[in-house]
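The primary structure of each chain is shown beneath.
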Amino acid sequence: MSYQKPTRLRRFLSVLMALTLLVSTYAFVLPVTTEAIGAGDFVYGHYYYYPADTQFVKGMYIGTHKLGIFGGGSGDAKDNARAGGAYPNVIDKDLNDGARGHYVFLAYSTTGNINEAVTYLRNTHSIGSLASTTAFSVGGVNPTFHVVGGNESNDLNKGASGDYIYLYYTADPRAGLPITALAINTSSSQSGYQTVLRDNTGSASDCNAGAGGDYIYIHFDNTSVYTDVTTQVNNLKTALDKAGSLTASNYTSASWNTLQNAVNTGNAIWNAYNNSFHAASRTASEITNATNAINNALNALQTTITLNAAQNGGTCSTTSVNITCGTNTTVTFPAGSYTASKNGWGVLGGDTSA
């Protein structure tokens, strides 16, 4: 008699300043730019913070064992899943629970390197032959998926009747944020987790499909540890772009060096986020502080204005002055501090044009 499970419903801007003082003209162009997001860009242009001690799922392995006359079965399957310690974390739930097949356990390894992380999981189902479909669509893209290996057959229904079921993974950043946790239980959903789907159906994958026994579902978490810091990162990038549009020779060395120190700090943060996942362990406050430091240094930029009365045979008590130009819209030049003289001549006044 065949067993069939009942069908269930599952649930800048640009600012241009022209400063004309005596014989010198300076133009400050401060563009605000935003990052162009391409069709293959990760998670649609967002940036994310994650704690520095976060561990990501790096790889998975399926351990199986049939209960024999000398027992063992379950424990041996778990040991097989560990693959000699390469996958130390075993999820304590038999993927064949109640289906009278082999014991099947899933183990995984972790890494602190986000660039080695797995981003998405999907199951294939096939009846009467090995499952082989790998053309999975995730979020409108088609990442490259790889089958999760095992100590013998990696069929999640090993030794039981029903579908051939294989677990596939991808590390493609386009598929989503890196996975930080896995779970297996009898519920088709778990709070804070995504459930592994079946092929491209959009339906939760029962790992005992067609074989009787418990409903078994695999879940993965790739959202809970992350905080969206898109606004902070974009503000930082805008400040860096402003600073990058300026030329050192227009400013005093002291004010320019202050700006460059702030830019170096900002670039270190930007470079951390400018990776395939657009994610890093730099907090929102760190990003904001770096942005403020750059903007403050931009506002404090100074240039030197030089007077040359001697060119026409005169003298001047003071020949140069440093003025703060930065991103201010109004600059005051202390003309009254300068006394120019020339024998036989009287000074009638000054002009603010070139």
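Residues numbered from 1 in each chain as written. Predicted model: local features only at pLDDT ≥ 70, side-chain atom pairs only at ≥ 80, totals over all residues. Heavy atoms only, no water.

A. Structural detail: the overall build of the chain. For the chain, the helix and strand inventory stands at four helices and 19 strands. Scored against the burial criterion, the 354 residues of the chain give a buried share of 43%. Element-wise, carbon and sulfur atoms account for 49% of the exposed surface of the chain, whose accessible area totals about 17,600 Å². (Helix = DSSP H or I, 4+ residues; strand = E, 2+ residues; numbered from the N terminus. Buried < 20%, exposed > 50% of the residue type's maximum accessible area, 1.4 Å probe, protein only. Areas by Shrake-Rupley, 256 points an atom, 1.4 Å probe, with all protein chains shown as cover.)

B. Inspection of the environment of N295 at higher detail. Along the polypeptide, N295 turns up in helix α4 (residues 284-299). Along the sequence, N295 and G326 sit 31 residues apart, while their C-alpha atoms lie 9.2 Å from each other. The contact partners of N295, leaving out residues within four places of it in the chain, are A239 and K242. (Contact = heavy atoms within 4.5 Å.)

C. Structural context of unusual backbone geometry. For A83, which is not a glycine, the phi torsion comes out positive at approximately 50°. If you trace the backbone, A83 turns up in the loop between α1 (74-82) and β5 (89-90). Not every positive phi belongs to a glycine, and R100 is a case in point at roughly 65°. For R100, the location among the structural elements is in the loop between β5 and β6 (103-111).

D. Summary view of the sheet that holds strand β7 (residues 120-126). Pairing within the open sheet is mixed, and its four strands lie in the order β8-β9-β7-β12. Since the sheet does not close on itself, it has two edges, and those belong to β8 (146-147) and β12 (197-198), each with one partner. Direction of pairing for β8 relative to strand β9 (residues 164-170): antiparallel, over a ladder of two bridges. Paired with H146 across the bridge in β9 is Y169. (Pairing = 2+ DSSP bridges.)

E. Structural view of helix α2 (residues 230-244). The end-to-end C-alpha separation of α2 is 21 Å, in line with the 21 Å expected for 15 residues at 1.5 Å each. For α2, the full list of buried residues reads T230, V233, L236, T238, A239, L240, D241, K242 and A243. (Expected span 1.5 Å × (residues − 1).)

F. Just the nonpolar core, in detail. One finds M60, L95, L121, L156, L167 and L182 to be the most contacted residues of the largest nonpolar core, which totals 31 residues. When contributions to this core are tallied by element, the ones reaching two or more residues are β4 (56-65), β6, β7, β9, β10 (181-185) and β13 (217-221). Among the elements that make up this core, the one with the highest residue count is β9 (four residues). Residues contacting M60, with those up to four places away along its chain left out, are Y87, L106, A107, Y108, V118, L121, V148, G149, L167, Y169 and L182. Ranked by size, the runner-up nonpolar core spans 24 residues in total, among them L246, W270, A297 and L301. (Core = buried A, V, L, I, M, F, W, Y, C linked by side-chain atoms within 4.5 Å.)

G. Geometry of the pattern of salt bridges. With the rule as written, the count across this model stands at ten salt bridges. The partner of K58 in a salt bridge is E116, and the shortest N-O contact between them spans 3.8 Å. Of the two residues, K58 sits in strand β4 while E116 sits in the loop between β6 and β7, which places them 58 residues apart along the sequence. D199 is paired through a salt bridge with R198; the nearest N and O atoms lie 3.9 Å apart. Salt bridges sharing partners connect three or more residues here, namely K93, D97 and D214. (Salt bridge = Lys/Arg side-chain N within 4 Å of Asp/Glu carboxyl O.)

H. Broad picture of the side chain of N154. Here N154 lies in the loop between β8 and β9. For N154, a relative accessible area of 13% translates into the label buried. Excluding its chain neighbours within four sequence positions, the residues that come into contact with N154 are I62, V147, V148, G149, I165 and Y166.

I. Local environment of the packing of helix α3 (residues 253-273) against α4. Relative to each other, α3 and α4 sit at 150°, their axes nearing to 9 Å. Looking at the two axes, α3 sits roughly antiparallel to α4. Every pair of crossing elements has a handedness; the one defined by α3 and α4 is left-handed. Of the residues in α4, those in contact with T258, L259, A262, V263, T265, G266, I269 and Y273 of α3 are E286, I287, A290, A293, I294, A297 and L298. Its residues placed into classes, the contact of α3 with α4 shows eleven nonpolar, three polar and one charged. (Axes fitted to C-alpha atoms, helices over the stretch in contact; angles between N-to-C directions. Parallel < 35°, antiparallel > 145°, perpendicular 65-115°, else oblique. Left-handed = near helix turned anticlockwise from the far one by under 90°. Nonpolar A, V, L, I, M, F, W, Y, C, P; charged D, E, K, R; others polar.)

J. Quick look at the confidence of the model for the chain. Averaged over the chain, the pLDDT score is 82; the fraction of residues at 70 or greater is 79%. Looking at the elements of the chain, mean pLDDT is at its lowest for strand β1 (residues 14-21), recorded as 27, and at its highest for β5, recorded as 98. Note on residues 1-44: pLDDT is under 50 here. Beyond four places in sequence and across chains, it has 108 contacts. (pLDDT = per-residue confidence, 0-100.)

K. Geometry of the pairing of strand β16 (residues 302-306). Here β16 shows a buried face lined by T303 and I305 and an unburied face lined by Q302, T304 and T306. Examined bridge by bridge, β16 and strand β18 (residues 320-324) share five bridges and lie antiparallel to one another. Bridge assignment links T306 to a residue of β18, and that residue is S320.

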